[in-house]
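# A closer look at the structure
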Amino acid sequence: MCDRIKIIFALALLLSVSIPGSGQQLAPLANGFIKSLDQELKAQACFPFDHTEKFNWHFIPRERKGPTFHDFNGQQKAAALALMRASLGKAGSERAEAIIELENVLREVENRPPDDTYRDPLNYHFSIFGDPDGSGEWGWRLEGHHLSLNFTSSRGTLVSATPSFMGSNPAIVLSGPQMGKQVLAEETNLGFGLLLSLTDAQKKLAKFSEEAPADIITSNERQAGLLEPHGIHFSSLQGHQKELLKKLVLLYLSRNTAEFQQKLLDRIGQAGWDSFSFAWAGSETNQVGEAHYYRIQGADLIIEYDNVQNNANHVHTVIRDLNNDFGGDLLRAHYEQDHNPPKADE
């Protein structure tokens, strides 16, 4: 990790010692971040709650709105990362920071100069939507290459943490000082563990194609929908296989705070684990060069994992909420209350 990123994370670590990882604490942290900005950066970072920029999300290198680490001084960097860490669970924060760090690995792999801006660990954008005063609805987003984290809160409570995209390129670092590093190893290994636990008859239900799709199928669509075929249903799994599927779902949910994880677990409890299914496409061999894909659907959640690009050494994962991406019902209620359509880009 380059010295600049080490300094940023060190500052945030010092600040985060007294910050609980609870959605209840996000509004004060967001306000602290906003207050740390000068007028120019504040104008870049802040949007109305229902601005169309809220839905302008992606996970590829591209032009984005919102200031980046390049624009921040030490206090602002620490405040921005404190907000990120309070919005995610420990596992989520660790993955997010490791994904940012991989930009340095890509610079080396692609023989780019040290000042290259295409692979840049400081090129991650922060945006605030609405007023985080604790009394109404607001949200925020962190986005850059292989990260798109979207959060929505209402009256001090985190109500949505999707779409949530995390990717890893390379999936496994094949050379250099970080050789062997695998940021999303658990997502890969648990997926294969479940697949390989299936009998031949069960695999016929789960596996829908010998070829993996080129990318996650839900892409960066504003609204996701259920994907066909569903694959093998939870009720068709044996006891140990059911536990593996639960473990895989819980791994993805662990990217969130404990509080928000419980909210999702309560929803799963109401819908029942029998609402879940597991589908696979591509290779059944867990190694670089063997393209593969899986998805999990249940309780109105979609989880996708795809490893196809760069000789199947480039992972994309996403969590979508069919009813609550970007705040869902809360956003619709906001539109109805104001009797106005979403504001156009300005």
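Just so you know, these numbers come straight off a predicted model, no measurement behind them.

This paragraph deals with the confidence of the model for the protein chain. Per-residue confidence for the protein chain gives a mean pLDDT of 91, with 88% of residues at or over 70. Per-residue pLDDT stays below 50 along residues 10-23; that stretch engages in 25 contacts with residues further than four places along the chain or on separate chains. The model gives residues 341-346 a pLDDT under 50, and that stretch makes 15 contacts with residues more than four places away or in other chains.

Let us look at the pairing of strand S2 (residues 125-130). Counting buried positions over the six residues of S2 gives five, a clear majority of the element. Examined bridge by bridge, strand S1 (residues 46-47) and S2 share two bridges and lie parallel to one another. Residue pairing for S2: Cys46 is matched across the bridge by Ile128. Bridge count between S2 and strand S3 (residues 137-144): six bridges; the pairing is antiparallel. When the bridges of S3 are listed, Ser127 appears paired with Arg141.

Right, let's get into the side chain of Ser277. Looking at the element boundaries, Ser277 is found in strand S9 (residues 277-282). Given a relative accessible area of 2%, Ser277 falls into the buried group. A polar atom in the side chain of Ser277 sits 3.1 Å from the backbone oxygen of His230.

Before going further, it helps to examine the packing of aromatic side chains. The tally for this structure, following the rule as stated, stands at 19 aromatic pairs. Measuring from centroid to centroid gives 5.9 Å for Phe33 and Phe126, while their planes differ by 45 degrees, and the two rings are tilted. With a gap of 93 residues between them, Phe33 in helix H2 (residues 26-36) and Phe126 in strand S2 connect regions that are remote in the sequence. A relative accessible area of 1% places Phe33 in the buried class. Note on Phe126: relative accessible area 0%, which makes it buried.

Once that is clear, we can look at the nonpolar core. Phe33, Trp140, Leu147, Leu245, Phe276, Phe278 and Ile296 are the most contacted members of the largest nonpolar core, which totals 72 residues. At seven residues, helix H4 (residues 74-87) tops the list of elements feeding residues into this core. Those residues in contact with Phe278 that lie beyond four places of it in its chain are Gly191, Leu194, Leu195, Ala206, His230, Gly231, Ile232, Leu245, Leu248, Tyr294, Arg295 and Ile296.

Parameters at a glance
- Residues numbered from 1 in each chain as written.
- Predicted model: local features only at pLDDT ≥ 70, side-chain atom pairs only at ≥ 80, totals over all residues.
- Heavy atoms only, no water.
- pLDDT = per-residue confidence, 0-100.
- Contact = heavy atoms within 4.5 Å.
- Buried < 20%, exposed > 50% of the residue type's maximum accessible area, 1.4 Å probe, protein only.
- Helix = DSSP H or I, 4+ residues; strand = E, 2+ residues; numbered from the N terminus.
- Pairing = 2+ DSSP bridges.
- Polar contact = N/O pair within 3.5 Å; in protein donor to acceptor, adjacent residues only side chain to side chain.
- Phe/Tyr/Trp six-rings, centres within 6.5 Å; stacked < 30°, edge-to-face > 60°.
- Core = buried A, V, L, I, M, F, W, Y, C linked by side-chain atoms within 4.5 Å.

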